[in-house]
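# Notes for the structure review
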There are 4 protein chains.
Amino acid sequence: MKPARIRLGMVGGGEGAFIGGVHRFAARLDAQYELVAGALSSTADKALRSGQALGLAPERCYDSYESMAVAEAAREDGIEAVAIVTPNHLHAPVATAFLKAGIHVICDKPVTTHSADAKALLALARKKNLVFAVTHNYSAYPMVRMARQMVQSGRLGELRVVQAEYPQDWLAEPLEQGGNKQAAWRTDPAQAGGGAIGDIGSHAWHLADYVTGEPLFQVCAELNSFVPGRAIDDNAQVMLRYANGARGMIWASQVAPGHLNDLRLRVYGSKGGLSWSQEHPNQLRFTPLGQPTQILERAGPGFDAAGARLARIPGGHPEGYLEAFASLYAEIAQHLRAARGGGRKAVKADKASHFPTIADGLRGVQFIEAVQRSSRQGGRWIKLPAAAA
Amino acid sequence: MKPARIRLGMVGGGEGAFIGGVHRFAARLDAQYELVAGALSSTADKALRSGQALGLAPERCYDSYESMAVAEAAREDGIEAVAIVTPNHLHAPVATAFLKAGIHVICDKPVTTHSADAKALLALARKKNLVFAVTHNYSAYPMVRMARQMVQSGRLGELRVVQAEYPQDWLAEPLEQGGNKQAAWRTDPAQAGGGAIGDIGSHAWHLADYVTGEPLFQVCAELNSFVPGRAIDDNAQVMLRYANGARGMIWASQVAPGHLNDLRLRVYGSKGGLSWSQEHPNQLRFTPLGQPTQILERAGPGFDAAGARLARIPGGHPEGYLEAFASLYAEIAQHLRAARGGGRKAVKADKASHFPTIADGLRGVQFIEAVQRSSRQGGRWIKLPAAAA
Amino acid sequence: MKPARIRLGMVGGGEGAFIGGVHRFAARLDAQYELVAGALSSTADKALRSGQALGLAPERCYDSYESMAVAEAAREDGIEAVAIVTPNHLHAPVATAFLKAGIHVICDKPVTTHSADAKALLALARKKNLVFAVTHNYSAYPMVRMARQMVQSGRLGELRVVQAEYPQDWLAEPLEQGGNKQAAWRTDPAQAGGGAIGDIGSHAWHLADYVTGEPLFQVCAELNSFVPGRAIDDNAQVMLRYANGARGMIWASQVAPGHLNDLRLRVYGSKGGLSWSQEHPNQLRFTPLGQPTQILERAGPGFDAAGARLARIPGGHPEGYLEAFASLYAEIAQHLRAARGGGRKAVKADKASHFPTIADGLRGVQFIEAVQRSSRQGGRWIKLPAAAA
Amino acid sequence: MKPARIRLGMVGGGEGAFIGGVHRFAARLDAQYELVAGALSSTADKALRSGQALGLAPERCYDSYESMAVAEAAREDGIEAVAIVTPNHLHAPVATAFLKAGIHVICDKPVTTHSADAKALLALARKKNLVFAVTHNYSAYPMVRMARQMVQSGRLGELRVVQAEYPQDWLAEPLEQGGNKQAAWRTDPAQAGGGAIGDIGSHAWHLADYVTGEPLFQVCAELNSFVPGRAIDDNAQVMLRYANGARGMIWASQVAPGHLNDLRLRVYGSKGGLSWSQEHPNQLRFTPLGQPTQILERAGPGFDAAGARLARIPGGHPEGYLEAFASLYAEIAQHLRAARGGGRKAVKADKASHFPTIADGLRGVQFIEAVQRSSRQGGRWIKLPAAAA
């Protein structure tokens, strides 16, 4: 028999939002979740209208996340997990409310705008023994999984150089001054926490972190704002020192004409190199030192188990952004189901099933803060905090 | 309020099948359908097990499509449409049964193994006033829509040359002799109707047909079977003459090492050319004669309304095969809903919402048959039947 | 000591010509030739001016190829070889004159406009024991050499499918009606012999012929002229049957917007496939069946001796069209030097040093004629003559 | 009449060298130079053998650059210019000797291993009124010229971000410990002056400098040596601050598996972005902000005069590394000829004809030194000296 779907709520993501819709596609694709409640907007009208358009019962269309957390916790059929897709500065209070209500959290990134908040969330989630997933979604592309597995299994040898970048061009002009809501909150330091470095630099950081598995030791950075009147960085340059001696660079930009969401990662070791691009995610280029470069295809020859677990369709039929996001949701679902019956240990032991958690989210915020500090101090090398035990 | 989902049934697509799962993803992604019944296998055990794994009620897990058609037609909450994902030779009897029961049909391609059957289905669907969609799915990629729109609006000028191809390599060895079920029925003339030309050549044909909108006049073809012991073509070459004087070529192969599902279309007119590749579907290359080639991106600069209607997420975040398939289902859903209330005329008038129907399916089978005839006759130019009025 | 350079003459290639300049670059690059005489134009003034601009002595600037052949043959320091770069219809009379004068010939392609002339030239060159090279220049790209070697050594297994194409767009409009001299003679049947099929289809044919080494058995073709008022084909489609059972297609077009000189070859066998593109000639894609595609780089890992013999600089530093053309000239030079001392047997035994000869040129003209015949006969399969013994 | 070729000498570049051969190809391709003398090796035997293999008269095969400078200056037919292709540390003494002898200099890069030497050479060349060219060869690719012209003419708007990189993989293992001569001197600080930053980082720097025309203000850098036992950097990271407020990054690496000579430049301004790659040099990608990316082809639509001046053959026929190098030599030749007749002013006024000089070479060495200083000081931002007046 098919197990019951996970009852999911959502905070944020009402009419006109972007990432809320993505989370809903992701939850739906593999039929593991049912969206049953939401605080999609803090305006009552809009919250109801947005909720009903998604098929929610009127009484479960909340206009306050606080009341939603309380009400849902009280229902027998209340939500088991909440997806938080608000602007960044709200992540912490919303997550806190749901964790306190005993509800698992799936939160967008960066997980908070201050690392102290992320630390508190980490402690709270542990105390309550709840799942806290952070949607660093690029880690769930099959070829990213394969890349990580290749590094882990030593096919690249000892890690030497990491080059990550995430250029965009949508903020090359001052959209935030013309009524674009996405642009407005993402360029507001209070709501966003960081500009290019927070919105997309954090993705580049996580991708490198996830694939290499190597602790980052220090950063030396330069943040700039090119668009006149902009209050936040729209171009970020970072040099990286890894604990093992490897070196790297991250470039994140929102003012680079010709790039849409051009996240790329290149990793080089003593025995080989690999390269991956989000805009063409079904291929991974791999060069064993001294041999020709190979184009590895998702579900093609040489595709490995780490990637295969996430591939839905045959090679040559492209999977994309929504599928990767859905894979993250599917792996979270596996853990949420296990939590139902208290069987989380068994799931945790399945190391192939994993997703970024609040611990990763915390490190991401610490990375952003270290970059900001280095830039403020004129390019000093800043040490990252040791990872939480 | 959100309208009720369309109640969908499925014939074929049990454990181990490929395309059935794709149809289910497609139906689910946009939350327009609910799968409620199935004859997923003709073996009772397997039918029940497959159905329950998908959450079907046991009494709606049928082991015979005939009984399913009768039983579902009799239920108040019976299915409104059936997705047919069996081997090709069963499409006609299954579709006939459901049409007779008053149920709309969504059928995989080629729609039949003989054009006479397709003609009969066309007549029956018209008589019963039912929707009959054929899943030539590549036509629902956003950039394919945009390509079609560009041709229609004259940006390429007068059509001159069409180059379509669909190479694969999965049948380069005799898999059908080793127990691979997919390979077995797809290389069996009785079940498949055609080999490379039927399975993938028909996709290349439809893509060219859809984008150019130009009637095909004659074909001159050569079918071959390279793998020893194979009873059906695994490589197809076709030269095309269009009614307006344009010329073209189609190459479909299942024995071309290095190609997975490498469907490509290039169209050239007196004013410009364009090129699209399924394995990288979010880009469309366009060259206005005498100007540099442009890379048009889904949801990027210059993206048009025809494509935009099908794009779910921002440019640079790749959409893939499942999204395109889901878009086809979503457009079919729009028509099925309209059929509920008798409002189909209004929907038909919305020319931007469309999908391949049994009329296209019939022409596809006629194309396959003309190619087969030309090849048998040693490369004579064979005229295609006039399109059904 | 460095041996004396080969004394070279040229017929055609005066001011405003294209291919003459290419031959001169090619002769110069490896410092094997010295251009010392020319009939660069049939207009005395222009012949003198063009010759002197190239540093020729005035008395060796001829305005007639006949007088040049006679005069040069009479000089002690007369030319050893002549490069013929006139419009196609003059190749035969010019070559005949120089062969009769005992001078080796390097001739552009197609070698003649009628196969009977090519046959006569073959016989004459043999009788006179002279070198007769035909500049099917694409065969001298290092990666093309490597491709040929890979086929010969069995890395692709048994040959199955060949896809060759050469699209351009420069004749998409009637340039020949506007005073463009290149366009004028190339679209004049009397001077050119063939349109797209002769000018570039013959290159695609030779590339396939050279790399596969497989005799072509039959062709089925369709020639068309799309530009109003054009007297010659500007689009050619050809289906190929090889003697061993392989099949193929050639497409050559001068009306395909977006293509400059986009010659491509793909070859598939039972064990692997490869792909090469002239516009990016330093890479060769190779897929061993069941393994990832490899990108082989000129002078990179896995580069073989057949290619290495022609590579001048390290991998990653691109070599191009002129280098390949120069390599052809360098290999011809090796044979010309050997002819000086009567040591041609030793050179012939060095099978790695080779170039297309009049025998290949003859087969090229026969290919063009067979295609033209097939097209005239409405797409009949036409058998090619057996290769000259 | 064709003017007499420029009499060229060469120091360095004997048997087994790489760049000497490249300079000879470059000098030969456009028939502007004649190599007539050389000190190709400091070993008499080898100097004679190498020289004679190149057709030099025995008495002009020197084994000492000092005696060559003196002897050639004394000959009526002595060399007019010398090409210096020795290891870097010899550039300064060799160039000094020839400048003192009144002979123009064409010198490889980096022009010296210490900026003080470069300054002295600049002063000496000016005093003697001699041409001193430095072969930052990538600046002579036609599409690089076009890129520069596009920036200068404002098509990118105000410069914002510059991303340059030059990864290789040939030193990923300790070749210098195994007898590879190229590796040996290039990894010896005394002979090379710098490792990755000097050998290839300087190319990346110059390319960015040349295309943007924007003065570099400060650098912040990190040099590393990954291969055990290596005495010099094999990976270089640099952050850039431009005088106008633009920012940039340079990455140069010799330990990045999968890269041969993968020099790339991306430049972004307020109105557009462009991208160029040395391994595919005939294309330039250009994105006007808010419009689709265009692929500009050498000698294709939109190709401009700045590039056209250097293009030899039609678009789609690739030109490569040697052609670009030859173009540099050709432009130098134009100035050398002008110097013959004292007409240098007229040539200088032709701003389209230009090449990197000792002034650029000096700035290149200053860049290297600033990077080295920044790295030694743990990543301080180091100011570059003001350009020489």
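It should be emphasised that the depicted structure is a prediction, and the values quoted were computed from it without experimental measurement.

Parameters and conventions
Residues numbered from 1 in each chain as written. Chains lettered and ligands numbered in written order. Predicted model: local features only at pLDDT ≥ 70, side-chain atom pairs only at ≥ 80, totals over all residues. Contact = placed C-beta atoms within 7 Å. Nonpolar A, V, L, I, M, F, W, Y, C, P; charged D, E, K, R; others polar. Pairing = 2+ DSSP bridges. Helix = DSSP H or I, 4+ residues; strand = E, 2+ residues; numbered from the N terminus. Axes fitted to C-alpha atoms, helices over the stretch in contact; angles between N-to-C directions. UniProt positions renumbered as here; feature names shortened; annotations may be inferred. Domains from an automatic or database assignment. Parallel < 35°, antiparallel > 145°, perpendicular 65-115°, else oblique. Left-handed = near helix turned anticlockwise from the far one by under 90°. Core = buried A, V, L, I, M, F, W, Y, C linked by C-beta atoms within 7 Å. Buried ≥ 20, exposed ≤ 12 C-beta atoms within 10 Å, placed from the backbone. Least-squares fit on C-alpha atoms with pLDDT ≥ 70 in both.

### What to know about the interface of chain A and chain C
Chain A puts 10 residues into the contact, and the matching count from chain C is 10 residues. For the side of chain A that touches chain C, the residue count by class is four nonpolar, six polar and no charged. Bridge analysis of strand 13 (residues 293-297) of chain A against strand 13 (residues 293-297) of chain C gives three bridges, and the strand direction is antiparallel. Residue pairing in the sheet places Gln294(A) in a bridge with Gln294(C) of strand 13 of chain C.

### Considerations on the environment of Leu284(B)
Residue and element names in this part refer to chain B. Turning to its location among the elements, leucine 284 is positioned in strand 12 (residues 283-288). With 19 residues separating them in the primary sequence, leucine 284 and phenylalanine 303 have C-alpha atoms 9.9 Å apart. Once residues lying within four places of it in the same chain are set aside, the contact partners of leucine 284 are Met143, Met146, Ala147, Leu274, Trp276 and Leu296.

### Description of the sheet that holds strand 1 (residues 6-11) of chain C
Residue and element names in this part refer to chain C. Spatially, five strands are ordered 2-1-3-4-5 in an open sheet, and the strand pairing comes out parallel. Looking at which strands have only one partner, the edges of the open sheet turn out to be strand 2 (33-39) and strand 5 (132-134). Neighbour to neighbour, the strand axes of the sheet diverge by 25 degrees on average, direction disregarded.

### Observations regarding the UniProt feature "domain: Gfo/Idh/MocA-like oxidoreductase N-terminal" (unreviewed entry) in chain A
Under the present numbering, the feature "domain: Gfo/Idh/MocA-like oxidoreductase N-terminal" (unreviewed entry) in UniProt falls on residues 6-136 of chain A. Note that residues 6-136 of chain A is 42% helix and 18% strand, and that its end C-alpha atoms are spaced 21 Å apart.

### Some details on the domain arrangement of chain A
Residue and element names in this part refer to chain A. Under the domain assignment used here, chain A contains domain 1 (6-134 + 327-357) and domain 2 (141-312). The straight-line distance from the C-alpha centre of domain 1 to that of domain 2 is 26 Å. Each partner contributes to the interface: domain 1 provides 11 residues, whereas domain 2 provides 13 residues. Here the residues of the side of domain 1 that touches domain 2 are counted per class, giving five nonpolar, five polar and one charged.

### Notes on the packing of helix 4 (residues 91-100) of chain D against helix 5 (residues 115-128) of chain D
Relative orientation and spacing of two packed helices are given, respectively, by the angle between their axes and the distance between those axes. All names here are of chain D. Relative orientation of the contacting elements helix 4 and helix 5 amounts to 10 degrees, with a least axis distance of 10 Å. One element, helix 4, and the other, helix 5, form an angle in the roughly parallel class. Between helix 4 and helix 5 lies a crossing of left-handed hand. Residue-level contacts link Ala92, Ala95, Thr96 and Leu99 of helix 4 to Asp117, Leu121, Leu124, Ala125 and Lys128 of helix 5. Taken together, the residues that form the contact of helix 4 with helix 5 break down as six nonpolar, one polar and two charged.

### A closer look at the nonpolar core
By size, the foremost hydrophobic cluster in this structure holds 495 residues, and its most contacted members are Val105(A), Val105(B), Val105(C) and Val105(D). Excluding residues within four positions of it along the chain, Val105(C) makes contact with Ala81(C), Val82(C), Ile84(C), Ala95(C), Phe98(C), Leu99(C), Leu130(C) and Phe132(C).

### Some points on the sheet that holds strand 5 (residues 132-134) of chain A
Think of a sheet as strands paired side by side through backbone hydrogen bonds, with each pair either parallel or antiparallel. All names here are of chain A. Here five strands make up an open sheet; going across it, the order is 2-1-3-4-5 and the pairing parallel. Here the strands that pair on one side only, and so sit at the sheet edges, are strand 2 (33-39) and strand 5. Shown here is a sheet whose adjacent strand axes are inclined to one another by a mean of 25 degrees, direction ignored. The pairing of strand 3 (residues 81-84) with strand 4 (residues 104-107) spans four bridges and is parallel. The partner of alanine 83 across the bridge, within strand 4, is isoleucine 106. The sheet contacts of helix 11 (residues 321-340) involve strand 1 (6-11), strand 2, strand 3, strand 4 and strand 5, and relative to strand 4 the element is tilted by about 170 degrees.

### Some points on the relation of the copies chain A and chain D
Structural alignment of chain A on chain D gives an RMSD of 0.0 Å, achieved by rotating through 180 degrees and translating 0.0 Å along the axis. Accordingly, the operation relating the two chain copies is best matched by a two-fold axis. In this assembly the copies share their binding face: 100% of the residues contributing to the interface of chain A also contribute to that of chain D.

### Observations concerning the environment of Leu362(C)
Structurally, Leu362(C) can be placed in helix 13 (residues 358-376). Considering only alpha carbons, one finds Leu362(C) and Val111(C), 251 residues apart in sequence, at a separation of 7.1 Å.

### Describing the relation of the copies chain A and chain C
By a simple turn and slide, chain A fits onto chain C: the slide is 0.0 Å along the axis, the RMSD is 0.0 Å, and the turn is 180 degrees. Here 100% of the contact residues of chain A are again contact residues in chain C; the copies associate through an equivalent surface.

### Things to note about the interface of chain A and chain D
Between chain A and chain D, the contact holds 32 residues from the first and 32 residues from the second. Contributing elements (two or more residues each) for the side of chain A that touches chain D: strand 6 (159-167), strand 7 (216-224), strand 8 (235-242), strand 9 (247-253), strand 11 (272-277) and strand 12 (283-288) of chain A. In terms of residue count, strand 9 of chain A provides more of the side of chain A that touches chain D than any other element does, four residues in total. Taken together, the residues that form the side of chain A that touches chain D break down as 13 nonpolar, 14 polar and five charged.

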